Amino acid sequence: MSGAPRPGWNGSEVAQGADRVSPMRRLHRRLRPRPRPRFKGPSFNRMIPNIMTMLGLCAGLESMRYALDGRFGAAAVAITVAGAIDGLDGRLARLLKAVSRFGAEFDSLADFLCFGVAPAFVLYLWSLDRAGGFGFMPCLMFAVCMALRLARFNASLDSAPGPAYAYNFFTGVPAPAGAGVVMLPLFVGLWAKSMGWDWLVVVAEFPLVCAVVLIGTALLLVSTLPVWSFKNFKVPAEYVLPVLLGTGAAAALLVADPWAAMAMAGVAYLVMLPFSVRSFRRLKREAEAMRAPDDELEVS
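Rules behind the numbers
- Residues numbered from 1 in each chain as written.
- Predicted model: local features only at pLDDT ≥ 70, side-chain atom pairs only at ≥ 80, totals over all residues.
- Heavy atoms only, no water.
- Helix = DSSP H or I, 4+ residues; strand = E, 2+ residues; numbered from the N terminus.
- Buried < 20%, exposed > 50% of the residue type's maximum accessible area, 1.4 Å probe, protein only.
- Contact = heavy atoms within 4.5 Å.
- Areas by Shrake-Rupley, 256 points an atom, 1.4 Å probe, with all protein chains shown as cover.
- Axes fitted to C-alpha atoms, helices over the stretch in contact; angles between N-to-C directions.
- Parallel < 35°, antiparallel > 145°, perpendicular 65-115°, else oblique.
- Left-handed = near helix turned anticlockwise from the far one by under 90°.
- Core = buried A, V, L, I, M, F, W, Y, C linked by side-chain atoms within 4.5 Å.
- Nonpolar A, V, L, I, M, F, W, Y, C, P; charged D, E, K, R; others polar.
- Salt bridge = Lys/Arg side-chain N within 4 Å of Asp/Glu carboxyl O.
- pLDDT = per-residue confidence, 0-100.
- Lys, Arg positive; Asp, Glu negative; His and termini not counted.

The next subject is the overall build of the protein chain. Within the protein chain, the secondary structure is distributed over 12 helices and 2 strands. Secondary structure elements of the protein chain, listed N to C terminal, follow the sequence α-α-α-α-α-α-β-α-α-α-α-β-α-α. The 300 residues of the protein chain split such that 33% are buried. Long-range contacts, defined as pairs at least 24 residues apart, comprise 82% of the intrachain contacts of the protein chain with a sequence gap of at least 6. Total accessible area computed for the protein chain in this model is approximately 19,400 Å², and 67% of it derives from carbon and sulfur atoms.

Written out as C-alpha cells, the structure reads:
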C-alpha cells in the first residue's frame, strides 16, 4: 500500500525526519516580520502641547525657588520663559489638532500658578515683606483676581460666540500680559541696579509702589476693557518695514540690556491699552452703522 511505511523504518525515524527543517527555512522564519503590538492612547504629537504646558509650570515653580534664594533676576527670567511657553502651547495644540478639554484645564491651572501666584510671591519677597501683613494683601488680591480672570475666560469658551468685531479682543488684560505688567517694578529695579542708579532702585523697591502696581494690574485683569489679542492682527503694507525694523531694534536691546527691554515692553503694553479701546469702539460703531439700515428694511 502507498500509505504504509517502507521496510526497515521505525516510528522514531519518521518523527526525526519530520522534525528536520532546512537551514534556509529556519532563516526565513527568523527574518519573517513579526506583528507589532498596538498600544491604545494618544500619539506623541498630541502630547507635545501638554508637555509644553508642563515645562511652563515647572518654570513658574522654579521662579519661586529662585526668589527664596534671593536670585530675583533668575526668577524674572523664569516667569518670562513661562510666558513665552504659554504663547506657544495653544498655537501648537491648534496646529497639531490636539485641542482637548484636559489641555485647556491644565493650561488654566498652570497659568494661575505661573502668572498669578509666582509674580506676587516674587514681589512679596523682593519688596513687600518689609510691610508685614499689609504687604501681603496686594499679593493676595492679585492672585484672587487672576483666578477670577481665568475662570471667566474658561466660562466664555462654552458660551455663544460674540460679534465678529470682538473676535480680536480679550475682555480684560490676559494672564501672561498681566504677569509682565506686574513685574514692571522688578524689571525697573534690576535695570537701575545694573546702571548704578541707586535712587531708582529705592523707588522701584518701595513697598507702596509695588502695592499700587499689584492692585492696578489686578483691576485690569477683572475689568471689561477690550484688549487686542493679536490673533488675526494684520499689518498694513506701508507699516511692514517699520515693524520689521522695530522688531530688530527690540531684539538688539534685549541682547544688550534685557532688563531695560522688559521694562520698556511693559510700559509699551500699558500705552497700547487706550488705543485698543479706541479701536474696539470704532469697530463697534461701524458694525452698528451697518446693522441699522438692515433693521430699517425689516421694519418697513
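Take the packing of helix H6 (residues 133–157) against helix H7 (residues 175–182) next. Closest axis-to-axis distance for the H6/H7 pair is 11 Å, and the angle between their directions is 160°. The angle between H6 and H7 falls in the class roughly antiparallel. Crossing of H6 against H7: the hand is right-handed. Contacts between H6 and H7 involve Phe142, Met146, Arg149 and Leu150 from the first element and Ala175, Gly178 and Val182 from the second.

This part takes up the environment of Pro163. Within the fold, Pro163 resides in the loop between H6 and strand E1 (169–171). What makes Pro163 partly exposed here is its relative accessible area of 42%.

The subject of this paragraph is the nonpolar core. Nonpolar side chains tend toward joint burial in soluble globular proteins. Counting 56 residues, the largest nonpolar core has Val122, Phe142, Met183, Leu186 and Tyr269 as the members making the most contacts within it. Counting residues per element, this core draws most heavily on helix H12 (residues 258–299), which supplies 8 residues. Apart from residues no more than four positions distant in its own chain, Phe142 is found in contact with Phe115, Gly116, Pro119, Ala120, Gly178, Val182, Leu214, Thr217, Ala218 and Leu221.

The subject of this paragraph is the packing of helix H5 (residues 101–126) against H6. It is the contact of H5 with H6, at a shortest axis distance of 9 Å, that shows an interaxial angle of 165°. Considering their axes alone, H5 and H6 lie roughly antiparallel with respect to each other. As H5 packs across H6, the resulting crossing turns out to be right-handed. In this structure, H5 uses Glu105, Ser108, Asp111, Phe112, Phe115, Gly116, Pro119, Ala120 and Tyr124 to contact H6, whose residues at the interface are Gly135, Phe136, Cys139, Phe142, Ala143, Met146, Ala147, Leu150 and Asn154. Here the contact of H5 with H6 is built from residues that sort into 12 nonpolar, 4 polar and 2 charged.

The next subject is the pattern of salt bridges. Pairing between side chains of opposite charge can happen when the charged atoms of each approach one another. Counted according to the given criterion, the structure contains 4 salt bridges. Salt-bridge contacts for Arg65 lead to Glu62; the nearest nitrogen and oxygen are separated by 3.0 Å. Placement of both Arg65 and Glu62 in helix H3 (residues 44–68) is noted, with a separation of 3 residues, approximately one turn of the helix. We classify Glu62 as partly exposed; its relative accessible area is 31%. Between Asp69 and Arg65 there is a salt bridge; the shortest N-O distance is 3.6 Å.

Turning next to the confidence of the model for the protein chain. On average, the protein chain scores 82 in pLDDT, and the residues at 70 or more come to 82%. Looking at the elements of the protein chain, mean pLDDT is at its lowest for helix H1 (residues 11–19), recorded as 50, and at its highest for helix H10 (residues 207–222), recorded as 93.

The next thing to look at is the side chain of Arg149. When you line up the elements, Arg149 lands in helix H6. Within the buried set, Arg149 has no salt-bridge partner at all; the shortest N-O distance to an opposite charge, 8.5 Å, is to Asp111. Apart from residues no more than four positions distant in its own chain, Arg149 is found in contact with Phe170, Thr171, Gly172, Val173, Pro174, Ala175 and Leu221.

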